Amino acid sequence: DSLWRVNEQQSQVYKYQYIAKKAMHMNTALLNFMHQKWIESAKGLSQVLRLDSINGKALMLRAEARRRYNNIHGSKADLKSLSNTNTNTFLTDYFNAEFQKRNNNLKDAFKNYIACIEKHENYAPALVEFGNLVIRLHNDKETAEKCYNKARARTRREMLTDGARAACGIAAAGFGLV
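Just so we're clear, the structure is a prediction, and the values are computed from it rather than from any experiment. (Residues numbered from 1 in each chain as written. Predicted model: local features only at pLDDT ≥ 70, side-chain atom pairs only at ≥ 80, totals over all residues. Heavy atoms only, no water.)

A few points about the nonpolar core
No. 1: Core analysis: the largest hydrophobic core is formed by 35 residues, its most contacted members being Tyr-94, Tyr-113, Ala-126 and Phe-130.
No. 2: Breaking this core down by element, the ones donating at least two residues are α1 (2–34), α2 (38–51), α3 (56–68), α4 (72–82), α5 (90–102), α6 (106–119), α7 (124–138) and α8 (141–174).
No. 3: Those residues within four positions of Phe-130 in sequence are excluded, and the remaining contacts are Phe-110, Tyr-113, Ile-114, Ile-117, Thr-143 and Cys-147. (Core = buried A, V, L, I, M, F, W, Y, C linked by side-chain atoms within 4.5 Å. Buried < 20%, exposed > 50% of the residue type's maximum accessible area, 1.4 Å probe, protein only. Helix = DSSP H or I, 4+ residues; strand = E, 2+ residues; numbered from the N terminus. Contact = heavy atoms within 4.5 Å.)

Structure follows, in C-alpha cells:
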C-alpha cells in the first residue's frame, strides 16, 4: 500500500515536470515570436512538439514562424500536420491564407480568409487582406471598402479601449489599488 502511494507521488512529480517544461518552451517561443525572432521561435516550438506532438497551437505558430523565415517546406509540413489535429481557430485559417497567398494560390487564400472572418468577424488583418484579394480577384471595390472600414473601425475601437485601460491603470495606481 505504501509503495503505491510513493509511485503515485512520483507520477505526480513527473507530470508536473512535464507541464513545467512544456510551458517553459512555449513561453520562450512565444516571446521570440512576438519579437519576430522566427528561427528561435520555431526551435522553441519544436521543443514543445517533442513533448506534445499533436499540440495544434504549437504547430500553427511554428508553421507561421517557418513561413516568416522562408522555410516553405517546413511550413507546408506543419500546416499539413495541423489539419490532422482538432485545432480549428481563426488564426489557423489566417496563417493558411497567408501561406497560400505567398505561394500565389490566391483562390485558396481567398477561401481561408473567408473561413477566418467567419470565425472572427472583426480580425482586422484578415479583413484588410481579404479586401485586397476581393479587388485583385473580382475587382469588387465596394466589398473591399466595407472590409477596410470594418478593420479601421475595429482598430480605432481597440486603440480607445487600450487608452481607457491605461487611464484606469494610472487612476488605480494613484489610489494605491495596483
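Description of the packing of aromatic side chains
No. 1: This model, assessed by the stated rule, comprises 6 aromatic pairs.
No. 2: Considering the side-chain rings of Tyr-94 and Tyr-123, the 5.3 Å spacing of their centres and the 90° angle between planes classify their relative orientation as edge-to-face. Separated by 29 residues along the polypeptide, Tyr-94 in helix α5 and Tyr-123 in the loop between α6 and α7 bring together distant segments of the chain. The exposure classification of Tyr-94 matches that of Tyr-123, with both residues buried.
No. 3: In textbook terms, an aromatic cluster arises when at least three aromatic residues are bridged by ring pairs, as seen for Phe-90, Tyr-94, Phe-95, Tyr-113 and Tyr-123. (Phe/Tyr/Trp six-rings, centres within 6.5 Å; stacked < 30°, edge-to-face > 60°.)

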